[in-house]
Every structure is written in C-alpha cells, then in structure tokens.
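The residues making up each chain are set out below.
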Amino acid sequence: MQPARSHPIEAPRQRLASGFTSGLASLCLLMSACTPAPLQPFTTEGVPLVLLPAASAGIRDQRARFREIFCAVLETRGSALADYRPCEDALTRLGAEPAATQRPVALGASRRQLVAAVVPGIGYECFEPWLQPPGSVQDHLQRFGYGLTLLKVEALSGSARNARLIRDAVMAMPADPGAPRLVLLGYSKGAPDIMEAVVAYPEMRSRVAAVVSVAGAVGGSALANDATQDQADLMRHFPGARCDGGDGGAVDSLRPATRQAWLAHNALPPELHYYSLVTLPQPERVSLILRRSRDKLARIDGRNDSQVLFHDQLLPRSTLMGYLNADHWAVALPINRTRAGAAAIAVTQNDFPREALMEALLRFVEEDLADPGAKGR
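Everything quoted here is computed from the prediction, not taken from an experiment. (Residues numbered from 1 in each chain as written. Predicted model: local features only at pLDDT ≥ 70, side-chain atom pairs only at ≥ 80, totals over all residues. Heavy atoms only, no water.)

*Asks:* If you had to explain the overall build of the protein chain to someone new, which residues and values would you point to?
*Replies:* Counting secondary structure elements, the protein chain contains 15 helices and seven strands. The buried share among the 377 residues of the protein chain stands at 55%. Taking the contacts inside the protein chain whose residues are at least 6 apart along the sequence as the reference set, 83% of them involve residues at least 24 apart. (Helix = DSSP H or I, 4+ residues; strand = E, 2+ residues; numbered from the N terminus. Buried < 20%, exposed > 50% of the residue type's maximum accessible area, 1.4 Å probe, protein only. Contact = heavy atoms within 4.5 Å.)

*Asks:* Can you lay out the nonpolar core for me, pointing to particular residues and giving the numbers?
*Replies:* Counting residues in each nonpolar core, the largest one holds 57 residues, and the members touching the most others are F66, F70, M358, L361, L362 and V365. No other element matches helix α15 (residues 354-369), which puts nine residues into this core. Aside from chain neighbours lying at most four places away, what touches F66 is L91, L277, M321, L357, A360, L361 and F364. With 25 residues, the next largest nonpolar core counts V115, L182, W262 and L268 among its residues. (Core = buried A, V, L, I, M, F, W, Y, C linked by side-chain atoms within 4.5 Å.)

*Asks:* Got a sec to walk through the sheet that holds strand β7 (residues 319-324)? Specific residues and values, please.
*Replies:* The seven strands are arranged β1-β7-β6-β5-β4-β2-β3 in an open sheet whose pairing can be described as parallel. The open sheet terminates on both sides in strands that have one partner only, identified here as β1 (60-61) and β3 (147-150). When strand β2 (residues 115-119) meets β3, the two strands line up parallel, connected through four bridges. The residue of β3 that forms the bridge with A116 is L148. This element, helix α3 (residues 63-77), spans β1, β6 (273-279) and β7 of the sheet and lies at about 55 degrees to β7. (Pairing = 2+ DSSP bridges. Axes fitted to C-alpha atoms, helices over the stretch in contact; angles between N-to-C directions.)

*Asks:* Outline the state of the cysteines, listing residues and values.
*Replies:* Enumeration over the complete set of coordinates arrives at two disulfides. Disulfide pairing is shown between C71 and C87; the S-S distance is 1.8 Å. Classification of the bridge connecting C71 and C87 rests on its S-S torsion, roughly -65 degrees, and on that basis the disulfide is left-handed. Here C71 is found in helix α3, whereas its partner C87 is found in helix α4 (residues 87-90), with 16 residues between them in sequence. Comparing C71 with C87 shows no difference in burial state: the two are buried. Shown here is the disulfide that connects C126 with C243, its sulfur atoms set 2.0 Å apart. Disulfide C126 to C243: torsion about the S-S bond roughly 105 degrees, handedness right-handed. Highlighted residues: C126 in helix α5 (residues 124-131) and C243 in the loop between α9 (229-233) and α10 (250-254), separated in sequence by 117 residues. Sequence-ordered numbering of the bonded cysteines in the protein chain gives a disulfide pattern of 1-2, 3-4. (Disulfide = S-S within 2.5 Å.)

Honestly, that's just the spatial picture; any functional story needs more than this.
Laid out in structure tokens, this is it:
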C-alpha cells in the first residue's frame, strides 16, 4: 500500500466534474450499458440452479458474533478512526439474526498475527495511481499485530490467469513455522480469482489459514451480461493508469453463467475455512454514480450493492459474518479520503469505517480459527 501524497482540492467545481467524468467513463460504461435487454436473458444452457435459505445451503450464520466484535471495535476506537459510524448504521439487519453470544471481545494484541492478503477487483491496477490509497488500514492493523498486503493481479485478465498469479505470490512468501497466518481476502472479482487459485493449486493450501469474500462476485454479476471486454479496456486510459489488457478475460469471468458453471464443476477444498461479508446497503447509502447500476440490478432483485446481488456474494459452505450497510465501492475504495472533489460530485456515499471493519474481520477470523469445533457447527 502506497502512502498518500497531498492533493489540495483547489480547482473549480466545473473542472473537477469534467476530469472525474472523463476518468470514470469506462467504469460507468461497464456498470450500465444502455440496452434494454434483460440482464439475465432466457437460455436453456447452463447448470440447474436453486435459491435456498442460507442455512439450507450449508452456510453457518455467525452474524451475531461478528456484530459483537465490530460494534466493540467501533465503540472502543470511536472517532479516533476516520468515517466513524454507530454500529447500527454500519451493519444491515436482514431478518432475524441469531441471539448475541454475550462473550467478551478481546481488543488487545493479536496472538496469531494474521496477515490479510487482499486480491482486488476488476480494473484496480488501472485506477490505483489515481486513487492513491493512503495506507491507513495497514497502519491501523499493525498496531495490534495484524498485517495487510495487496496481491498483484492483472486488472483485465480472467480468473484462471489471476489464480496462477495468486498461487505464485503465496508460494513466494516465507512459510510460517507454525499454523498458517495468511488470510486470502477477495474483494469483488478477487473472490472468484482466489476460489480458482485454491482449487487449481493444492500446493498453496497449507500456507493459507482462511479465505474471506468481501462483496465478492462469487456467483458473478448480471451487469457483466450487458458489458464487453472492450468497455473494460477503456480503464487502461484512466488518468495515470499503468495496466495492460491482460488476457482479455475479466468480463467473461464475471458473467453469472461462467461462475455458475465453474461452481458446478469445482468444490472448494474442505481443509480451508471460508467466510463471507456481504454488502447490502440501504437505498440512501448508495453513491449517486452507482444508483443507475443499482437500479438495473433491481430488475432482478433490489437487494444489491450496485454491482452484485446479495445472495451471489456468499462462498459455498462458508461462515456468514454479516451484511454491511455500504455500497460496492464504499467498503473498499477510499475515494472520499483521497479524491474529495469526486466524492462531492458523484461518489457521494463513500464514507465507511474501513479500518474498524478490517480489524473486526481479522479478530473474528482469529477467534473462529481458535475454536476447534467451529467448522462443524
């Protein structure tokens, strides 16, 4: 993670609007093409599908415990962290959650010292120079003995290609002498990239403690049915972009038919622990620039984060940690921190306590891994 440089916002609003609109044109095209065709067209190809309650699909519901941990972190750290929100505004309650455990929450130094290795979504390498993430999440986690690193994948390549890059990055890391500490965290398309990696390359599994999906496109995104790789390639012209076209498979890797076919023929290795954090924002918590794509997905189901339906974000047989009251960008991309003009004009609901979220995520995973009976419950 690169430290932020100072970027005073002194240009007139018109100039900011023009530059921002130009820079994000490719993302907007990718999110919401103009054709009125169904997002999920009729087809007799594909695999049989069923939509079940999470418990009937082997999902372990631990929302109550994650809420306890996230709330404790938020209230203890308070306004010392950016973008503070009360816990009830940071999480979305979906139906009846399990009862609270009432167990104490440890907020001291980590014992296992987990390291989150983040695999970003489509196009990140293209717009990272423009975004200039400040590295504040990494700094915060280090205070408690946790680590954070970004795994380099190709912005516009398919999941199979990126799976190999993930494997190579993991195998290049020094092996831990004891229990593995590496938590592979997939954001958006990063989730299927990780899924393909742990299935295709068994030699890396012993180095991985857990896999976490955050707003992951596990089941793909119907928006990809209405997009082309040529539109995605426009991100190569983002201001300051240093990415190439890769193998040209990014958009196809996000299509629901592609993801469902992969899931039908590939089981995640049972020796790993899997966790899912879903983004399910209240309507008013979706940024202005994302509302069109949110409304497009609402033709299928209004419960979406502007990019992915809520039920398509769950890893098979994973532990459900919770539903975040954040849109697809707010949970991971600190546009409000580094591009204030863009946030004021279009990315209007980007504030989210990302430092507190990552601390709570790693504390939950660490606690759960220490429970020998966790996977069986």
